[in-house]
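# Structure assessment
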Amino acid sequence: MKNTGLWIRTAIIIAITLAGLYVVFGPRRAPNANDLTWQGIKDNLATNINLGLDLKGGSHLVMRVKTDDYLKTLTENNAQAALTAAQDAKLPVTENTITAENKNYVFGLVLSDAAQSQAVIDEVKKKVDLSNWTESGSGNSITWSLPGQMQELMKRQAVEQALKIIESRINAFGVKEPTLQRHGAESSDQILLQMPGVDDPERVKSLIGAESNLALMKIVGPPNPSPVQTYPTRDAALQSIGGKETATRKVFPFADRDTPKDTKSNKPEAAKTPSEFVVVEYPAVVDGSELRDANAVSRTGSDKDFQIAFAFKPAGAQKFGEWTGKNINNYMGVVLNDEVKSAAYIKSQIFDQGEISGRFTKATADDLALTLKSGALPAKIEYQEERTVGPSLGADSIKAGVEASLGGLVFVVIFMLLYYRGSGVNAVVALLLNMLLTMAALVMFDSTLTLPGIAGFILGIGMAVDSNVLIFERMREELRAGKGVVEAVEQGFDRAFVTIIDTHITTILSSVILYMYGSGPIKGFAVTLILGLLINLFSAVFVSRTIFMWLIERKPDLKQLSI
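Residues numbered from 1 in each chain as written. Predicted model: local features only at pLDDT ≥ 70, side-chain atom pairs only at ≥ 80, totals over all residues. Heavy atoms only, no water.

## Observations regarding the overall build of the protein chain
- Each helix and strand counted, the protein chain has 15 helices and 19 strands in total.
- Scored against the burial criterion, the 563 residues of the protein chain give a buried share of 41%.
- When the accessible area of the protein chain is evaluated, it comes to approximately 28,700 Å², of which 56% is carbon and sulfur surface. (Helix = DSSP H or I, 4+ residues; strand = E, 2+ residues; numbered from the N terminus. Buried < 20%, exposed > 50% of the residue type's maximum accessible area, 1.4 Å probe, protein only. Areas by Shrake-Rupley, 256 points an atom, 1.4 Å probe, with all protein chains shown as cover.)

Below is the structure:
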């Protein structure tokens, strides 16, 4: 044993211990006298370690994606697109037919001249993607049906798409490690969302389920300098287009003012009845799928006068530029969720910029910009389970976990001191260091501590004790065989090391598999256990051996070891 090597080992242990203490208890700001009090230490600890839903409280939601509505809307849209494609090509199509119920999704076109069937099919295929649909013809009609296998595939895709969109929306809350995953059987189309620390589930639901169907549409009416053509009632607007909406004309309410929320109660004011209606051309010039960016901006600096500025992707900007170039002085409406939010005439050709005016509050403007950027959900969401876990329940779990940890620790300390005597002190030091460094690792990796995580933490303590027991028993065997203290210590560590490595690697591999395939709480268990085991190799082997080295260095003629 070299003195230099011993000092280097000691310096490494002290440096790591001090770093661990600072990471766990150190304030993330300028320190003050209060940080040295017991309450200050507890406050810093609570601030530095992220707690999961079961410890901190928060929102628990189980939602279902209405995939049947998704397929129904897809069928209706394809039917309309097929009809428009055939009519634009001047082909003899009289109407479309739609069946979308009881897992039967079929649409068709009725022709006045059956001889033109192939021409209609060819024209529709140019404009509408029907690769997943089965085509058939009979007499003067052509139908496309969605096979059952494709229905299931598209439902799964709709849920996966909803998961991605919801993930992008909840990121706005800045919640650390929310749980977002599929829930239940695959055919249930359910999604589980847990957000630790979020105690306003209504805002979460509002943001997740918010519709974001943006479209820019031409408003039917005389061009500027005449004012926008509006109608006092929906019936009056319908009368202007023959009494009902058509494939190319739709009626939308015109409301250029947002309904502000009461910032204190967070409840919307009573909904107002639209006072005006407009007729718009269908389909839209461009829609939200072409959106590149959206942000809440205030032109006046007032908190209740925000607008949403948006920009299009290159393809959308090109399409928008071509349309505005041909429609100078015509009116265009910004339609959001089937309501015209603002209307303005085209002064000059515009390519990629636009704005939704409406006097939004900052919060509603931020939420709307976020939902626009994240894209529209493929189908509506219905909530099937909603729970708010209170912080008091989490506090009870923390108290129980801490009591269990302390109880186990005290028992282990007493056992090690009584059974291994002086060497037991060595094991206790290594054990305390293991606990400190495991918590420091949780803070450093920004991990979230959950109730299963506490279980993993306690199991890690048990493995740490087990390592010391292995080493000490090997040392006892060497002493019983008549070897000296120095040789017994060296042989004890060397012979136990292989067994310790073997048990740790197999447990770490099992924990990695748990992490890869487990859900949120299981992952928390795996993370704390893996960290505890890796640190145990340092505390139980490196630190413990260094303490014995110091003992032998201090007493070179040591004849008997307290073990």
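After that view of the structure, there is still more to cover.
## Looking at the nonpolar core
- Counting 42 residues, the largest nonpolar core has Leu-109, Val-120 and Trp-144 as the members making the most contacts within it.
- If you list the elements that add at least two residues to this core, you get β2 (58-65), α4 (67-88), β4 (104-111), α5 (117-127), β6 (141-145), α6 (148-170), β8 (190-196) and α7 (201-208).
- The leading source of residues in this core is α6, at 9 residues.
- Beyond its immediate chain neighbours, meaning those up to four positions away, Val-120 contacts Ala-86, Leu-91, Val-93, Leu-109, Leu-111 and Ile-142.
- Counting 24 residues, the second-largest nonpolar core is a separate cluster that includes Met-416, Val-465, Ile-471 and Leu-561. (Core = buried A, V, L, I, M, F, W, Y, C linked by side-chain atoms within 4.5 Å. Contact = heavy atoms within 4.5 Å.)

## Considering the pattern of salt bridges
- For the structure on display, the rule yields 14 salt bridges.
- One salt bridge in this structure joins Arg-64 and Glu-382, with 2.7 Å as the shortest N-O distance. Taken together, the residues Arg-64 in strand β2 and Glu-382 in strand β18 (residues 381-389) connect sequence positions 318 residues apart.
- The partner of Lys-155 in a salt bridge is Asp-68, and the shortest N-O contact between them spans 3.2 Å. Taken together, the residues span a long stretch of sequence, with Lys-155 in helix α6 and Asp-68 in helix α4 at a distance of 87 residues.
- Bridged by salt links that share partners, the residues Lys-218, Arg-249 and Glu-281 form one connected network. (Salt bridge = Lys/Arg side-chain N within 4 Å of Asp/Glu carboxyl O.)

## Here's the deal with empty space enclosed by the protein
- Counted under the stated rule, the structure contains 1 cavity of 30 Å³ or more.
- Taken as a whole, the largest cavity spans an internal volume of roughly 30 Å³.
- Forming the walls of the largest cavity are Val-412, Met-416, Ala-427, Val-428, Leu-431, Ala-464, Val-465 and Asn-468.
- Mapped onto the lining of the largest cavity, the elements with two or more residues apiece are α11 (391-420), α12 (422-444) and α13 (451-480).
- Within the lining of the largest cavity, the residues separate by chemical class into 7 nonpolar, 1 polar and no charged. (1 Å grid on protein atoms, 1.4 Å probe; cavity = no way out; pocket = protein on both sides within 12 Å on 5 of 7 lines; lining within 4 Å. Points joined across faces, edges and corners; volume = space filled by probe spheres on them. Nonpolar A, V, L, I, M, F, W, Y, C, P; charged D, E, K, R; others polar.)

## Thoughts on the sheet that holds strand β9 (residues 214-218)
- The strand order β12-β9-β15-β16 describes an open sheet built from 4 strands, whose pairing is antiparallel. Lying at the two open borders of the sheet, with one neighbouring strand each, are β12 (286-287) and β16 (340-345).
- Both β9 and strand β15 (residues 331-336) contribute to a ladder of 5 bridges, which runs antiparallel. Residue pairing for β15: Leu-214 is matched across the bridge by Leu-336. (Pairing = 2+ DSSP bridges.)

## Let's talk about a nonpolar patch on the surface
- A contiguous nonpolar surface patch, about 560 Å² in accessible area, is contributed by Val-512, Ile-513, Tyr-515, Met-516 and Tyr-517.
- With relative accessibility at 53%, the residue Met-516 sits in the exposed group. (Patch = residues over 30% accessible without salt bridge, like charges linked within 9 Å, V, L, I, M, F, W, Y side chains within 5 Å.)

## A look at the side chain of Ser-59
- Examined against the element boundaries, Ser-59 turns out to sit in strand β2.
- Assessed through its relative accessible area of 1%, Ser-59 is described here as buried.
- Apart from residues lying up to four places away in sequence, Ser-59 is in contact with Leu-53, Leu-193, Gln-194, Met-195, Val-198, Asp-199, Asp-200, Pro-201 and Arg-387.

## With respect to the sheet that holds strand β5 (residues 134-138)
- Taking strand neighbours across the sheet as the criterion, the 4 strands line up as β3-β4-β6-β5 in an open arrangement whose pairing is antiparallel. A strand with exactly one partner marks an edge of an open sheet, and here the two such strands are β3 (93-101) and β5. Neighbour to neighbour, the strand axes of the sheet diverge by 15 degrees on average, direction disregarded.
- Of the strands in this sheet, β3, β4, β5 and β6 are in contact with α5, which crosses β6 at around 40 degrees. (Axes fitted to C-alpha atoms, helices over the stretch in contact; angles between N-to-C directions.)

## Overview of the pairing of strand β14 (residues 306-312)
- The buried fraction of β14 is high, at 6 of 7 residues.
- Here strand β13 (residues 291-298) runs beside β14; their pairing, made up of 7 bridges, is antiparallel. Bridging from a neighbouring strand, Asn-295 pairs with Ala-309 of β14.

## Things to note about the environment of Tyr-345
- Considering the arrangement of structural elements, one finds Tyr-345 in strand β16.
- Sequence separation of Tyr-345 and Asn-329 is 16 residues, and the distance between their C-alpha atoms is 5.2 Å.

## Examining α4
- Across its 22 residues, α4 extends 31 Å between first and last C-alpha, which sits within 8% of the 32 Å expected from 1.5 Å per residue.
- Phi turns positive one or two residues past the end of α4, at Lys-90, with a value near 60 degrees. (Expected span 1.5 Å × (residues − 1).)

## Digging into unusual backbone geometry
- A cis amide bond, omega 20 degrees, links Asn-224 with the succeeding residue Pro-225.
- Relative to the helices and strands, Pro-225 is located in the loop between β9 and α8 (234-239).
- Phi at Asp-189 is positive, roughly 60 degrees, even though this residue is not glycine.
- Locating Asp-189 in the fold gives a position in the loop between β7 (179-183) and β8.

## Quick look at the side chain of Ser-511
- Mapped onto the fold, Ser-511 is located in helix α14 (residues 485-517).
- Ser-511 sits in the buried class, given a relative accessible area of 2%.

## Considering the pairing of β16
- Sheet analysis places β15 next to β16, joined by 5 bridges and oriented antiparallel. In the strand pairing of β16, Met-332 is matched with Ala-344.
- Linking β15 back to β16 in an antiparallel pair, the connection comprises 3 residues, with Asn-337 at a positive phi of about 55 degrees.

Note that every value here comes from positions in space, so none of it alone points to a role or purpose.
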